[in-house]
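Each chain is listed here by its residues.
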Amino acid sequence: MYRTALRNVLAHKARLLMTTLAVLLGTAFVAGTLVFTDTLGSAMRAQGAKSYTDIAVTVSDSGAVGTGYDHGGRASRGPSLTEDTRKAIAALPGTAEARGVVTGFAGIADRKGALIGSGFATTGTNYVPGTDGTDPRYPLVDGRGPRNPGEVALDTRTAEKGGYKVGDTVRVAVNGPVMELTLTGTVNTNDPRVVSGGSLAAFDTATAQQLYLSPGRFAEIDVKGRPGTDDAALLTAVRQTLPASDDIEARTGRELAAEQDRMIAAATKGMATGLLVFAAISLFVGIFIIANTFTMLVAQRTKELALLRAVGASRKQVTLSVLAEALLVGLTASVGGLLAGIGIATGLRSLLNGPMEANLPDGPLVIAPSTVIGSIAVGTVVTVLAALLPSLRASRIAPIAAMSSAEQPATHKSLVIRNSIGLVLSAFGAAGLLGGVAAESTTLVGVGSAALMIGVFVLTPLLSRPVIALFAPVLRGLFGTPGRLARENAVRNPRRTAATASALTIGVTLITALSVVGASVNKAVDAATTSDLKADYTVAMENFSTLSPEVAGQIARTPGVTATSVVREVRVEAGDDTPVLTAVDATTFDRLTDLEFTAGSADALKQGRLIATTGYAERNRLAVGSTLDVTYPDGTGGTLTVGALVEGNTVVSGLVAPDQVVGPHAAPGTGLEKVLVKGADGPTPALKQALRDATGGNPLITVKGEKDIKAENSRIVSFMLNTMYGLLGMAVLVAVLGVINTMAMSVFERRREIGMLRAIGLDRRGIGRMVRLESLMIALFGGVVGVLLGVVIAWAGTRSMANSFKDMSLVVPPLQIAFFLAAAALVGLFAALWPARRAARTDILGAIKSG
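Note that the coordinates shown come from a computational prediction; the quantities given were computed from them, not determined experimentally.

## Digging into the packing of aromatic side chains
In this structure the tally under the stated criterion is four aromatic pairs. For the ring pair Phe284 and Phe288, a centre distance of 5.4 Å and an interplane angle of 85° mean the geometry is edge-to-face. Of this pair, Phe284 and Phe288 both sit in helix 8 (residues 253-300), separated by four residues, roughly a single helical turn. In this structure an aromatic cluster arises from ring pairing among Phe284, Phe288 and Phe457.

## Section: the pattern of salt bridges
As enumerated under the stated definition, the model contains 18 salt bridges in all. Two residues, Arg217 and Asp61, come together in a salt bridge whose shortest N-O distance is 3.1 Å. Remark: Asp61 occurs in strand 1 (residues 57-61) and Arg217 occurs in strand 12 (residues 217-218); sequence separation between them is 156 residues. Accessibility expressed as a relative area gives 7% for Arg217, which makes it buried. Exposure remark for Asp61: the relative accessible area of 4% places this residue in the buried category. Notably, a salt bridge pairs Glu259 with Arg251, separated by 2.4 Å at the nearest N-O pair. Note on Glu259: relative accessible area 26%, which makes it partly exposed. Put simply, Asp590, Asp603 and Lys606 are held in one network by salt bridges that share partners.

## With respect to the sheet that holds strand 13 (residues 220-225)
One open sheet accounts for four strands, arranged 3-13-1-14; its pairing is antiparallel. Whereas interior strands pair on both sides, the edge strands pair on one side only; in this sheet they are strand 3 (95-101) and strand 14 (248-252). Across the sheet, the mean angle from the axis of one strand to that of its neighbour is 15°, orientation sign disregarded. In the sheet, strand 1 pairs with strand 13 via four bridges, with the strands oriented antiparallel. Pairing of Thr58 across the sheet is with Asp222, part of strand 13. Those strands touched by helix 3 (residues 83-90) are strand 1, strand 3 and strand 13, and its axis lies near 165° from that of strand 3. Across the sheet, helix 7 (residues 231-241) touches strand 1, strand 3, strand 13 and strand 14, and the angle it forms with strand 14 is around 165°.

## Focus: the side chain of Asp61
At a separation of 3.1 Å, a polar atom in the side chain of Asp61 contacts the side chain of Arg217. Those residues in contact with Asp61, other than ones at most four positions away along the chain, are Pro79, Ser80, Leu81, Arg217, Phe218, Ala219, Asp247 and Ile248.

## Overview of the packing of helix 14 (residues 442-469) against helix 26 (residues 764-800)
Two elements in contact, helix 14 and helix 26, have axes whose closest approach is 10 Å; the angle formed by their N-to-C orientations is 155°. The orientation of helix 14 with respect to helix 26, classified from their angle, is roughly antiparallel. In this structure, helix 14 meets helix 26 at a crossing whose hand is right-handed. Listed contacts from helix 26 to Thr442, Val445, Ser449, Leu452, Met453, Val456, Thr460, Leu463, Ser464, Val467 and Ile468 of helix 14 are Met777, Phe781, Val785, Leu789, Val792, Ile793, Ala796, Gly797 and Ser800. Of the residues assigned to the contact of helix 14 with helix 26, the class counts are 14 nonpolar, six polar and no charged.

## Quick look at the nonpolar core
Ranked by size, the top nonpolar core spans 73 residues in total, and within it Val285, Leu504, Ile767, Met770, Val771 and Met777 carry the most contacts. The element that contributes the greatest number of residues to this core is helix 26, accounting for 15 residues. Excluding anything up to four places from it in sequence, Met777 contacts Ile468, Phe471, Leu475, Ala486, Arg487 and Ala490. Tyr164, Leu234, Val566 and Leu700 belong to the second largest nonpolar core, which has 55 residues in total.

## Description of the environment of Val570
Mapping Val570 onto the fold places it in strand 16 (residues 561-571). Residues Val570 and Tyr632, 62 residues apart in the sequence, show an inter-C-alpha distance of 8.2 Å.

## Describing the confidence of the model for the protein chain
Across the protein chain, the average pLDDT comes to 86, with 93% of residues at or above 70. When the elements of the protein chain are averaged for pLDDT, helix 1 (residues 2-11) gives the smallest value, 62, and strand 8 (residues 151-155) the largest, 96. Between residues 67-77, whose pLDDT stays under 50, and residues either more than four places distant or in other chains, the model counts 49 contacts.

## Details of the packing of helix 10 (residues 315-353) against helix 11 (residues 369-386)
In contact at an axis separation of 8 Å, helix 10 and helix 11 are set at 145° when each is read in the N-to-C sense. In the crossing of helix 10 with helix 11, the sense of the turn from one axis to the other is right-handed. Touching Leu323, Ala326, Leu327, Val329, Gly330, Leu331, Ser334, Val335 and Leu338 of helix 10 are Thr371, Val372, Ser375, Ile376, Gly379, Thr380, Thr383 and Val384, all from helix 11. Classifying every residue of the contact of helix 10 with helix 11 by side-chain character gives 10 nonpolar, seven polar and no charged.

Conventions used here
- Residues numbered from 1 in each chain as written.
- Predicted model: local features only at pLDDT ≥ 70, side-chain atom pairs only at ≥ 80, totals over all residues.
- Heavy atoms only, no water.
- Phe/Tyr/Trp six-rings, centres within 6.5 Å; stacked < 30°, edge-to-face > 60°.
- Helix = DSSP H or I, 4+ residues; strand = E, 2+ residues; numbered from the N terminus.
- Salt bridge = Lys/Arg side-chain N within 4 Å of Asp/Glu carboxyl O.
- Buried < 20%, exposed > 50% of the residue type's maximum accessible area, 1.4 Å probe, protein only.
- Pairing = 2+ DSSP bridges.
- Axes fitted to C-alpha atoms, helices over the stretch in contact; angles between N-to-C directions.
- Contact = heavy atoms within 4.5 Å.
- Polar contact = N/O pair within 3.5 Å; in protein donor to acceptor, adjacent residues only side chain to side chain.
- Parallel < 35°, antiparallel > 145°, perpendicular 65-115°, else oblique.
- Left-handed = near helix turned anticlockwise from the far one by under 90°.
- Nonpolar A, V, L, I, M, F, W, Y, C, P; charged D, E, K, R; others polar.
- Core = buried A, V, L, I, M, F, W, Y, C linked by side-chain atoms within 4.5 Å.
- pLDDT = per-residue confidence, 0-100.

Structure, rendered in structure tokens:
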């Protein structure tokens, strides 16, 4: 029987080609994901390890926020790392060197004033020269390190992007006006933030401390041990020199390196998990193709299998014979998929480091044994499991069937069982969706969506006839006999049609659901932006850090500005709780925002009282008149009274307090989250440019109006959707292979029928048209079911997110839906090109004799 299985695979290799490709693509996705993430993780660990090669102990101060301004104003509380601390550590017997480090962010402008690099990876630090005048962390490429205020060194890549050379004037900014500094040198760095596309600006230590902390203060002290010194012993000695503070912590370099490795492993694992979800979708689509292929092969070999039963083969042997064929196909495809996956991983890394300029760290390609075994095992197991039902059907072929070559029709009982299972799953899924909507639970909606999708897939044979019947009048009217024959062929075998269409339905369902949810979220965010803000512009930092407090005064003095309000967060202590107060300008805030009051009015702020959102008030049992005894960051106490309640929105949440009351008690240098601005003539290009000029042309400071915010939200949603579409593209490609496979095998098994049609007068063009129209109907069937299912799932998803987005409503983008249906139609027509050509060239006499 196993020789028979091998013979059958070789005999039907052309018919198994698409199945092999489907498994190969799914396995390639799995293998490529594992190889790419393993390679990336290995390179990142190797790069990160360089940061700790000569560090025995690191002392860090979590209270040193590294920007000069803090969210909440705790930057200057308690003891800190000072030059005296560094000297005490340097004097220890086991210390070879103690380097004080200051870090923060620094935006570097090119010659046109635009930011170089990503705003989230604009790194600023201090240059600490050793006895030879160089900092070993940043090897000099050209020039020298900065020694005085007004000097800066840049990493070589940033200098090249900006077109800067040693001696040039460079525009650098933190969170205030731009500084014009002299470039004294360029350096190399292994800092992951810089290597991955950020920038590095190195200042002399005194300047860095002034910019980011305070004079004489460090964020970190890196300790290099003398040869032979035990790191643990040095750690103990270092800890004895440190001031008592919960913010100050000392750890060995090995501990930090190990923690970094764990973080990298967690990040790459999360990336791999996300990609493997889409690989699983591709393999799930492949299951339909595999099952359909083996079902058709079994049907075409009914006489052969019946003869095997007649000459003594048992049911078990027939089953194992078909499974052995699936095993051979799965192994072959999985090995090919593994090799293709390695190629994909290599190509993806080259693409990201080339045209996309992702600047991923270099390192050798990592092909772990688990990747090889796992990829081959997944592809093989999926193939064998998908062929299990066809193999069981093959074992049930009676020996008497050797007298007929006709396909054995599905029994009434099996159809009843299938439809019953489909109805139960669909009902369970619908109940899950409704329950998730009622409970506003996205988890329950997810479970319900999965159950509903599976239920609908099980019911597709039942749905195929009525849905395809919708196309019949159009096909008959436009294409005559070929159209009528195509419709009859499409519904001749509902199970086959359903299996082929379901592969396409999965991709269309997910793409439709994503598109509808994306459009709904985009509209909700845009509506919130329009309804919540009256301000014409919002001034904030691009990297979500805090603005310098002096920026508020600069903006208020800008010509054309009629009202401004700072927005700053100040954390206070209220008993066992530490709520964050959003401090705003009491006199202008109501002119800059649209607040929906449920109790009290905006006058509460002007009276020195709090405004609480209704959600916060309910959770903390507050009402108008409730009081809070608080301790401010400067250590003083006070009593705040709730004066009004409002519905939460994108501007306010929790507790809102007048800055005139809270601001004086914030720690010195507490930064601003943003500044809201109202212009005399509304949002105008002139006012926008004036605000940019008022902030000193800082490339890190953004000035955004309503249109800018909407455009940014749209870009974020579009990027996420395009990423999802790209990852689902593999599943759609597999579905296309499924349609090609079904049509090609259908043409083969109907060869005699096609010959008869040619004999009675249907020309080659009519035969080809019949096959193309049949494929078109199957693809449209899958597309229509997918669109409807996707919209239903998206409706439940958007309703379950009602608490997260104000005024969330279902938005079905008609052009995108029409595009998806048109794409499904094109898939059907494309998939039929080869089968239709083959059918049209069928030899009449040879086809009739084949029966």
